[in-house]
Amino acid sequence: MTTAEGFAPAKVNLTLHVTGQRADGYHLLDSLVVFADLGDRLWYEPGPRLSLEVTGPFSQGVPADARNLVWRAAEAARWTGCIRLEKNLPHGAGIGGGSSDAAAALRDLGGPTSAALALGADVPVCLSSAPQRMTGIGEVLTLVPTVPALNMVLVNPGGAVPTPAVFAALAEKSHPAMDEIPAVAEHAEFIDWLSCQRNDLEAPARSCAPQIDAALTSLNQADLVRMSGSGATCFGVFADPGTAREAALRIGSLHPTWWVRACRTIAGSAGQVPPYG
């Protein structure tokens, strides 16, 4: 039998504005999302029964049954066989994790994109590697072709940060939306615009996980520093890949127990067109 391979890239929320809360409890967001050139990997081998094997440096504690979103995505695709999931990204880290894995499985196995939102609010945006503006509860997506590729260092100081706890610690539920994204792809102008935006979950996440403060401080030589998603992963944007790699080596040597990776994000002109509609 032929074994196919898939890739689930890390998701980075360059911005995350919380603009309201619905009556059913779901929060309304306005977020600019990009994807990195590192992530989890999946292998698929068709067979008579569905099974899931989880390997990799962050496999501990990841369920290998119907509790896993990859399993549920395969069921949505009505596919059976053996899936091997290599967990290279820390989970509960604000960089996609299970949502990106589920989106990859749904896409790779030919599942209906209409099933994405039922799997999780972040799954629809992860169906594509293109930079997107994500609004609503995560289901309203707009391609943003002007976002340049960014040289980044991702830093996770350890400790999963439960998203519900972070939202619960958010006192004000209604904040202004993002400013309009500029139609300029130059690094300096884009960073100037980005620095005027926010992650409204950063302060409540820091109150839940004080180690985020140290992660942000470690990136103080970057052009821009921010937390991604609901944390605890933070990112620094650098002018060139060499400087990013040097920063990653420096931070990693100072904090050997942290997860630290240099990466590059996918530009708007190079991303895959979102299939979710």
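For the structure, check the block above.
Here the structure is a predicted model, which is why all the values come from computation and not from measurement.

### Considerations on the overall build of the chain
Along the chain, the regular secondary structure elements total nine helices and eleven strands. For 277 residues, the compact-globule estimate of 2.2 N^0.38 gives 19 Å, and the C-alpha radius of gyration of the chain, at 18 Å, lies within 12% of that figure. Seen along its three principal axes, the alpha-carbon backbone of the chain occupies a region of about 55 × 45 × 35 Å. Residues counted as buried form 52% of the 277 residues belonging to the chain. The contacts in the chain between residues at least 6 apart in sequence include a share of 74% that link residues at least 24 apart. As presented, the chain carries roughly 11600 Å² of accessible surface, and 53% of it is formed by carbon and sulfur atoms. On the chain, the mean spot of the 19 positive side-chain charges and the mean spot of the 26 negative ones are 5 Å from each other.

### Re the packing of aromatic side chains
Here the structure, examined in full by the defined rule, presents two aromatic pairs. Pairing Tyr44 with Trp79 gives two aromatic rings, centres 6.2 Å apart and planes at 80°, and the pair type is edge-to-face. Here Tyr44 is found in strand E3 (residues 27-46), whereas its partner Trp79 is found in the loop between helix H1 (69-76) and strand E5 (81-86), with 35 residues between them in sequence. Residue classification places Tyr44 among the buried positions, given a relative accessible area of 3%.

### Structural notes on the sheet that holds strand E10 (residues 234-238)
Pairing within the open sheet is antiparallel, and its four strands lie in the order E9-E10-E8-E11. At either end of the open sheet lies a strand with only one pairing partner, and these are strand E9 (224-227) and strand E11 (259-264). Ignoring strand direction, the axes of neighbouring strands in this sheet form an average angle of 20°. As paired elements, strand E8 (residues 151-156) and E10 share five bridges and run antiparallel to each other. If you follow Asn151 over to E10, its bridge partner there is Phe238. In the packing of helix H6 (residues 187-195) onto the sheet, the strands contacted are E9 and E10, and the crossing angle to E9 comes to about 45°.

### As for the nonpolar core
In this structure, Ile83 and Val153 are the most contacted members of the largest nonpolar core, which totals 60 residues. In terms of nonpolar packing, the next biggest core, distinct from the first, is built from 26 residues, Val34, Ala93, Val144 and Leu150 among them.

Quick notes on the rules
Residues numbered from 1 in each chain as written. Predicted model: local features only at pLDDT ≥ 70, side-chain atom pairs only at ≥ 80, totals over all residues. Heavy atoms only, no water. Helix = DSSP H or I, 4+ residues; strand = E, 2+ residues; numbered from the N terminus. Rg over C-alpha atoms; globule rule 2.2 N^0.38 Å. Buried < 20%, exposed > 50% of the residue type's maximum accessible area, 1.4 Å probe, protein only. Contact = heavy atoms within 4.5 Å. Areas by Shrake-Rupley, 256 points an atom, 1.4 Å probe, with all protein chains shown as cover. Lys, Arg positive; Asp, Glu negative; His and termini not counted. Charge placed at Lys NZ, Arg CZ, Asp CG, Glu CD. Phe/Tyr/Trp six-rings, centres within 6.5 Å; stacked < 30°, edge-to-face > 60°. Pairing = 2+ DSSP bridges. Axes fitted to C-alpha atoms, helices over the stretch in contact; angles between N-to-C directions. Core = buried A, V, L, I, M, F, W, Y, C linked by side-chain atoms within 4.5 Å.

Just distances and angles here, no functional claims.
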